[in-house]
Amino acid sequence: MEPAPNDSDETNEQYGTFTTGGGDTVVYDTENPEAWLQSSYAVEVGPSSERTSA
């Protein structure tokens, strides 16, 4: 797999992401070109996406 442009603003991160021409999301390890995931579905993960109980 060839390196691809990174959609994220972080340049010193171990993991990068990009969107293919077909709309799939690819997550890859910048230190290991054999480690990557491709999916047609993605969700944001982090504090802003966590559910809170009422």
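Structure's up top.
What this report covers is the structure whose coordinates are included nearby. (Residues numbered from 1 in each chain as written. Predicted model: local features only at pLDDT ≥ 70, side-chain atom pairs only at ≥ 80, totals over all residues. Heavy atoms only, no water.)

Another aspect to go through is a nonpolar patch on the surface. On the surface, a nonpolar cluster with roughly 310 Å² of combined accessible area is contributed by Y15, V27 and L37. The exposure class assigned to V27 is partly exposed, which follows from its relative accessible area of 33%. (Patch = residues over 30% accessible without salt bridge, like charges linked within 9 Å, V, L, I, M, F, W, Y side chains within 5 Å. Areas by Shrake-Rupley, 256 points an atom, 1.4 Å probe, with all protein chains shown as cover. Salt bridge = Lys/Arg side-chain N within 4 Å of Asp/Glu carboxyl O. Buried < 20%, exposed > 50% of the residue type's maximum accessible area, 1.4 Å probe, protein only.)

Below, the discussion takes up the environment of V27. Looking at the secondary structure, you find V27 in strand β2 (residues 25-29). Put simply, V27 and Q38 are 11 residues apart on the chain and 6.5 Å apart in space, counted from C-alpha to C-alpha. Contact partners of V27, with chain neighbours within four places excluded, come to G16, T17, A35, W36 and L37. (Helix = DSSP H or I, 4+ residues; strand = E, 2+ residues; numbered from the N terminus. Contact = heavy atoms within 4.5 Å.)

Our next topic: the environment of E13. Assignment of secondary structure puts E13 in the segment before β1 (15-19). Taking the relative accessible area as the measure of exposure, E13 reaches 43% and is therefore partly exposed. Here the alpha-carbon distance between E13 and T30, two residues 17 residues apart in the chain, equals 7.8 Å.

Once that is clear, we can look at the packing of aromatic side chains. Taken as a whole and assessed by the stated rule, the structure comprises 1 aromatic pair. Pairing F18 with Y28 gives two aromatic rings, centres 5.9 Å apart and planes at 55°, and the pair type is tilted. Within this pair, whereas F18 is found in strand β1, its partner Y28 is found in strand β2, the two being separated by 10 residues in sequence. The buried category is assigned to Y28, whose relative accessible area is 14%. (Phe/Tyr/Trp six-rings, centres within 6.5 Å; stacked < 30°, edge-to-face > 60°.)

Moving on: the sheet that holds strand β3 (residues 32-39). The strand order across the open sheet formed by 3 strands is β1-β2-β3, and the pairing between neighbours is antiparallel. Every other strand in the sheet has two partners, leaving β1 and β3 as the edge strands with one partner each. Going from strand to strand, the sheet's axes swing by 20° on average, the running direction of each strand aside. Bridge analysis of β1 against β2 gives 5 bridges, and the strand direction is antiparallel. From the neighbouring strand, Y15 faces β2, where its bridge partner is D29. (Pairing = 2+ DSSP bridges. Axes fitted to C-alpha atoms, helices over the stretch in contact; angles between N-to-C directions.)

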